[in-house]
Amino acid sequence: MKNFYITTPIYYVNDSPHIGHAYTSLCCDYIARFKKLDGFNVRFLTGTDEHGQKVENAANAKQIKPKDFVDEVSKNFLKLTDFLNLSNSDFIRTTQQRHLNSCEYLWKKLYSEGHIYLDKYSGWYSVRDEAYFQESELIDGKAPTGADVEWVEEPSYFFNLSKWKDKLLKFYQDNNNFILPLSRRNEVLNFVRGGLKDLSVSRTSFNWGVKVPNDPNHIMYVWLDALTNYITYSGYGSNEKEFKNNWPADLHIVGKDILRFHAVYWPAFLMAADLPLPKRVFAHGWWTNEGEKISKSLGNVIDPFKLIEQYGLDQVRYFLLREVPFGNDGDFSKSHLVQRINSELANNLGNLVQRVVSFCLKNTMGKVPDHKNKFNKEDLEIINSFETEISSLRNLIDQQKLDESLKEIWIKISKSNKYIDEQAPWNLKNDNAERMNIVLYCLLESIRQIGILIQPIMPNSANRILDIFGLDSNQRNFNKLGTKLVVGIDLIKQDVIFPRIENK
Ligand code: ME8
């Protein structure tokens, strides 16, 4: 089996989970589930980023010890993982011993090879971004993200980032698709071409973090600590054999705001440590809420728990994956959500299933009817197009064209809807029962294939569709798309799969 390793960013525990976290995680889950159904040995990692000044400040504000604070808040992210029905293989926390060990191991490696040296930092720092900024980058005295910056002067270890500029540029050139989408790739290239300064990788003005080996007054820069999570999980510094098998990652999915850390700093750290580089970093866009930037001060933060409670998990999963071309910014609008649920889920998909199954329950004694191998051209198009469909889906998923892959499946659904209207089995009932049976067979077979294909998007609803045919779990993988429905099996009725939402 081929390996596939995908990661979400690890989330800061200074705050409650919001739609941005849910979105990144869902996109990864879609890809992870797709790959698993497609026969890959998938590892999918998510977790929480628990160190740094931002988290220490948040704990102080609540007058709680940082460790107690992160233990509490991390639970909310773990709960979200469950709530979103993520198929993650592990949930890493940067306060875990396994992670402290791998951070120390990496530091020692970088230090012993001469890539880290002690000096003094003086410059701007944004706690919200946990990032250093040069004077020239500030806009009206603030970080480009709008976050406040503070002047920091302290002894600091530096990573010799400047030395890696040419090697990074060569790597980007040799690996054209390392950074996607391409527009973001260009931003990164311009940044690196503009010259890299050595990066401060330790702080002394707070305590909450991984202590620098042999110099415990220094706390490792939270981004060096956080990025290391991806190799901690793979067994870096603890299990060489496992690490060889589990690293590099195939895909880091991140938000556009943290691309620089993943596409510049991370590859440079890895090169310096003589480690293979991840195969791809994909940066997705940001959501606004009904046209407005999402922020706590505006009070328009979208709570994923509430959203799912109100509209249903699979409905929200579908909407977030479908609404925005993956990589672009997008706007969250309740009316769009309701519209998509009613038209694409309830009408196009739900109705197709309901109509066909109810008709069979009345007219084929609730069984998969016999086709007698008398398929015509239209029939064969409905039941045999899965090969082109799955290969096109594979292509789209491997380029992270997530929304397009959903469109592709809905084209298949539309074709089945068109077929049912054109073939009109209800008109065949009285004088051509044989033809009616063939048409119904093809529709049921198409529904089975659709059920298989939508599993990574809407696992629960897909299972309910596949339960109609009483299929075992090993009958639900993509390599079973071609095994046609067995004539004569009983159909098991399901309640409405996607109820319509009535607008008040
Ligand atoms: O950055 N729309 O964690 P984080 C879409 N700990 N995505 C959004 C968003 C929005 N409105 N707001 C935030 C960190 N995000 C670090 C990562 S990885 C080694 C360390 C996304 O909790 C954001 O782009 O601040 C990012 O990918 C993710 O939420 C986590 O953000």
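Not measured: the values here are computed from a predicted model. For every chain, the first residue of the written sequence is number 1, and numbering continues from 1 onward in sequence order. The predicted nature of this model means local features are confined to residues of pLDDT at least 70 and side-chain atom pairs, given and counted, to a pLDDT of 80 or more, with totals for whole chains, interfaces and linings taken over all residues. Neither water nor hydrogens contribute to the side-chain values; these are computed over all heavy atoms in the structure.

Undergrad: Help me understand the overall build of the chain in this model?
TA: Here a helix means four or more residues in a row that DSSP labels H or I, a strand means two or more in a row labelled E, and each is numbered from the N terminus. Regarding its fold elements, the chain presents 19 helices and 17 strands. Radius of gyration: C-alpha atoms only; globule rule: 2.2 Å multiplied by the number of residues to the exponent 0.38. Here the chain has a C-alpha radius of gyration of 26 Å; the compact-globule value for 504 residues is 23 Å, and the two agree. The C-alpha extent of the chain, read off along each of the three principal axes, is 90 × 50 × 40 Å. The proportion of buried residues among the 504 residues of the chain is 58%. Across the chain, every contact between residues at least 6 apart in sequence was considered, and the portion connecting residues at least 24 apart equals 77%. Note on exposure labels: buried denotes an accessible area under 20% of the residue type's maximum, exposed denotes more than 50%, and partly exposed covers the range between, all computed with a 1.4 Å probe on protein chains only. By the convention used here, residues are in contact when the closest approach between their heavy atoms is within 4.5 Å.

Undergrad: Teacher, can you tell me more about helix H12 (residues 313-323) here?
TA: Owing to its 3.6 residues per turn, the α-helix aligns residues three or four sequence positions apart on the same side. H12 sits mainly inside the fold: 11 of its 11 residues count as buried. Taken together, the buried positions of H12 are Leu313, Asp314, Gln315, Val316, Arg317, Tyr318, Phe319, Leu320, Leu321, Arg322 and Glu323.

Undergrad: Help me understand the packing of helix H15 (residues 386-398) against helix H16 (residues 402-423) in this model?
TA: In helix packing, the relevant descriptors are the interaxial angle and the interaxial distance, both defined with respect to the helix axes. Angles here are taken between N-to-C directions and fall from 0 to 180 degrees, while the axes themselves are lines fitted to C-alpha atoms, restricted in helices to the stretch in contact. At a closest axis distance of 8 Å, the pairing of H15 and H16 adopts a crossing angle of 165°. It follows from the interaxial angle that H15 and H16 lie roughly antiparallel. Seen along the crossing, H15 lies across H16 with a hand that is left-handed. Contacts between H15 and H16 involve Glu389, Ser392, Leu393, Leu396 and Ile397 on the former and, on the latter, Leu402, Glu404, Ser405, Glu408, Ile409 and Lys412. Charged means Asp, Glu, Lys or Arg here, nonpolar means Ala, Val, Leu, Ile, Met, Phe, Trp, Tyr, Cys or Pro, and polar covers whatever is left, Gly included. In the contact of H15 with H16, the residues fall into 5 nonpolar, 2 polar and 4 charged. Any angle between 65 and 115 degrees counts as roughly perpendicular, while under 35 counts as roughly parallel, over 145 as roughly antiparallel, and the rest as oblique. For a crossing to be left-handed, the near helix must be turned anticlockwise from the far one by less than a right angle; the clockwise case is right-handed.

Undergrad: How should I be thinking about unusual backbone geometry in this particular structure?
TA: In terms of backbone geometry, most residues other than glycine have negative phi values and most peptide bonds are trans. Residue proline 181 is reached from leucine 180 by a cis peptide bond, and omega for that bond is -5°. Structurally, the position occupied by proline 181 is in the loop between strand E8 (179-180) and helix H6 (182-193). In the segment running from tryptophan 247 into proline 248, the intervening peptide bond is cis, with an omega of 15°. Mapped onto the elements of the fold, proline 248 is located in the loop between helix H9 (240-246) and strand E13 (251-255).

Undergrad: I tried to follow the nonpolar core on my own but got confused; where do I start?
TA: As a rule of thumb, soluble globular proteins bury nonpolar side chains together. Take the buried residues of types Ala, Val, Leu, Ile, Met, Phe, Trp, Tyr and Cys, join any two whose side-chain atoms come within 4.5 Å, and each joined set is a nonpolar core. Within the largest apolar cluster, 92 residues are counted, with the highest numbers of intra-cluster contacts made by Leu349, Trp410, Ile454 and Ile457. Once residues lying within four places of it in the same chain are set aside, the contact partners of tryptophan 410 are Tyr318, Glu344, Leu345, Asn348, Leu349, Ile454, Ile457 and Met458. If you look at the next biggest cluster of nonpolar residues, it comprises 72 residues, including Leu45, Ile92, Trp107 and Phe243.

Undergrad: In this structure, what is going on with the pattern of salt bridges? I would like to understand it.
TA: A pair can form between side chains of opposite charge whenever their charged atoms are brought close. One side-chain nitrogen of Lys or Arg within 4 Å of one carboxyl oxygen of Asp or Glu is enough to make a salt bridge. For the structure shown, the criterion picks out 30 salt bridges. Residue aspartate 490 pairs with lysine 367 through a salt bridge whose shortest N-O separation is 2.7 Å. Placement of the pair is aspartate 490 in the segment after helix H19 (459-467) and lysine 367 in the loop between helix H13 (334-363) and helix H14 (377-384), with a sequence separation of 123 residues. Lysine 367 gets classed as partly exposed once you look at its relative accessible area, which sits at 30%. In this structure, a network of salt bridges that share partners links the residues Glu50, Lys67, Asp71 and Arg93.

Undergrad: Sorry, what's going on with the site of the ligand here?
TA: The environment of the ligand is made up of 22 residues, and the closest members are Ile10, Asp49, Gly255, Asp257 and Trp287. Each accessible area is a Shrake-Rupley estimate made with a 1.4 Å probe; only the visible protein chains count as cover when residues are assessed. Out of a free accessible area of 670 Å², the ligand has 93% covered by protein chains. With 3 residues, helix H7 (residues 222-227) is the single largest residue contributor to the shell around the ligand. Residue composition of the shell around the ligand, grouped by class: 12 nonpolar, 8 polar and 2 charged. Nearness of a residue to a molecule or strand requires only that one of the residue's heavy atoms be within 4 Å of it.

Undergrad: How should I be thinking about the sheet that holds strand E16 (residues 292-293) in this particular structure?
TA: Note: strands within a sheet are paired through backbone hydrogen bonds, in either parallel or antiparallel orientation. Pairing between two strands requires that DSSP report at least two bridges joining them. With mixed pairing, the 3 strands of this open sheet are ordered in space as E16-E15-E17. Every interior strand has two partners, whereas the edge strands, E16 and strand E17 (330-332), have only one.

Undergrad: Before we go on, may I ask you to explain the sheet that holds strand E6 (residues 131-133) in this structure?
TA: Taken together, the 4 strands give an open sheet; going across it, the order is E6-E5-E7-E9, and neighbouring strands pair in antiparallel fashion. Two strands lie at the open edges of the sheet, namely E6 and strand E9 (199-200), each paired on one side alone. Of the strand pairs in this sheet, strand E7 (residues 150-159) and E9 are connected by 2 bridges, and their pairing is antiparallel. The residue bridging phenylalanine 158 from the neighbouring strand is serine 200, located in E9. Against the sheet, helix H10 (residues 259-272) makes contact with E6, E7 and E9, and its axis sits at roughly 30° relative to E7, the strand it touches most.

Undergrad: Help me understand H6 in this model?
TA: Under the convention used throughout, the expected extent of a helix is 1.5 Å for every residue step, that is, one less than its residue count. Between its first and last C-alpha atoms H6 spans 16 Å; for 12 residues at 1.5 Å apiece the expected length is 16 Å, and the two agree. Every buried residue of H6 is listed here: Arg184, Arg185, Val188, Leu189 and Val192. Down the axis of H6, the sector holding all buried residues measures 140°, keeping them to one side. Tucked into the core, H6 has its buried residues touching helix H5 (165-174), E8, H10 and strand E14 (281-284). One or two positions beyond H6, positive phi appears at glycine 195, with a value near 105°. Comment: arc refers to directions from the helix axis out to C-beta atoms.

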